[in-house]
Amino acid sequence: MDTPLSELHFKNNDEQRFHLALKQASNEYLKCKNDHVYASSMDICLVLGMFVIAIICYIPTLLTYSTFVYVIAYICFVLLIMLLNVLGQHDACHNTLFKTPWLNRIFGRLVTLPLGLEPEFWRARHVYFHHRYANIEHYDLDTEENGIFRQTPFQKWRPVMKYQYLYWPLIASFSLTWIAFVFDWSDRTGKTPLKSRGILTGWSGWLLFFTSKLAHLLLMLGLPLFIAHHNGISVMTILLTYLVSQMIASLFVVYLLLGTHWAETAFFEASDNQQMPHGWYQHNFITACDWLPSPKYLWRLTGGLNYHLTHHLFPGWHHRHYPALAAIIEKLAKQHNMPYRCISYRQLLSAQIRFLRQMGKEPQ
């Protein structure tokens, strides 16, 4: 869809009291800790340290004569980069990793380059469309119709979708490749609603986009084909390792994200008057949930993505605050009759499978 989308409006629905209570409680939390909403020095050192370790993992791919060492080092590099995107880039795109916006942009470009993604397009899709219009047909670009998955009740059904609850991991494993080679190029050529955002405009925008794509191919395929192949690593091994590493990285992040907007949630279409039937807070509560891993301390590896509803209500806060914010939300939600949900990861996966089964049934 390349036509501009009209801005949607949410009703107030007496949400002002909840808004003020949430704002007051979160401000008091920060004041008591004498803290700020950005990443701590320890969080920044962690992601920078992981970035250095990732680079160290990449170096053996150009030095080794062993196929086994090449494959292990390459996959470790990609997985560490994917983890850096979860732990750092997600916060950076919301400008909460560093206090200086341009540092967030530079970090984002560095850690998305090995994955082949254009960070400015991903940021716009995530911040301006998904966060504002989660689970709204045509507005939430994460649920765009693709002919393979039926992700909302408003999308066309195809017979093969009866089995989508079975084949979804295979399709999901190509999500990074799909974003890099389909979404990015669709956004770049003005075939999506991102066209109205004016991102990477002019010759400088094209130059940065092309340079990033070429740098990705050079780093992940060019150098290995030129150097590692000279060291005895076969071309087939190099190509298959690239593909498999991208698939593993895709599955890693997909298993963290998909069910958060599918687990017993609601979906909507925009009305002709661009007015949603409920308030903004109510919309977030019924289109997302929080979930907890087991054991609970593993939430650190999710970059706070398990506190997904909390993130939608506090996108301008670094994820280190999410456990405390989730407790505040849960308490205030009970007082203001908001449907807060926090489920286990097992419940999340079960709800996801039920959702895919339901969407895979032929509409009556």
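See the structure above.
Residues numbered from 1 in each chain as written. Predicted model: local features only at pLDDT ≥ 70, side-chain atom pairs only at ≥ 80, totals over all residues. Heavy atoms only, no water.

Engineer: Please clarify how the packing of helix α6 (residues 164-172) against helix α9 (residues 235-257) should be interpreted in this entry.
Structural biologist: If you want to describe how two helices pack, look at the angle between their axes and the distance between the axes. Relative to each other, α6 and α9 sit at 125°, their axes nearing to 8 Å. Considering their axes alone, α6 and α9 lie oblique with respect to each other. Contacts between α6 and α9 involve W168, P169 and A172 on the former and, on the latter, S250, L251, V254 and Y255. When the residues that make up the contact of α6 with α9 are grouped by side-chain class, the tally is 6 nonpolar, 1 polar and no charged. (Axes fitted to C-alpha atoms, helices over the stretch in contact; angles between N-to-C directions. Helix = DSSP H or I, 4+ residues; strand = E, 2+ residues; numbered from the N terminus. Parallel < 35°, antiparallel > 145°, perpendicular 65-115°, else oblique. Contact = heavy atoms within 4.5 Å. Nonpolar A, V, L, I, M, F, W, Y, C, P; charged D, E, K, R; others polar.)

Engineer: Would you explain the packing of aromatic side chains in this entry?
Structural biologist: Pairs of aromatic rings are described using the distance from one ring centre to the other and the angle between the two planes. For the structure on display, the rule yields 20 aromatic pairs. An angle of 85° between the planes, with centres 4.9 Å apart, marks the rings of W185 and F209 as edge-to-face. Remark: F209 occurs in helix α8 (residues 202-228) and W185 occurs in helix α7 (residues 175-188); sequence separation between them is 24 residues. W185 gets classed as partly exposed once you look at its relative accessible area, which sits at 29%. Among the aromatic residues, those joined into a cluster by ring pairs are F121, W185, W206, F209 and F210. Sitting above the plane of the Y165 ring, R357 keeps its charged end 3.9 Å from the centroid. (Phe/Tyr/Trp six-rings, centres within 6.5 Å; stacked < 30°, edge-to-face > 60°. Buried < 20%, exposed > 50% of the residue type's maximum accessible area, 1.4 Å probe, protein only. Lys NZ or Arg CZ within 6 Å of the ring centre and 35° of its normal.)

Engineer: How do you make sense of the side chain of T302 when you look at a structure like this?
Structural biologist: Following the sequence through the fold, T302 ends up in the loop between β1 (290-292) and α11 (308-313). The exposure class of T302 is buried, given its relative accessible area of 5%. At a separation of 3.1 Å, a polar atom in the side chain of T302 contacts the main-chain amide nitrogen of G304. (Polar contact = N/O pair within 3.5 Å; in protein donor to acceptor, adjacent residues only side chain to side chain.)

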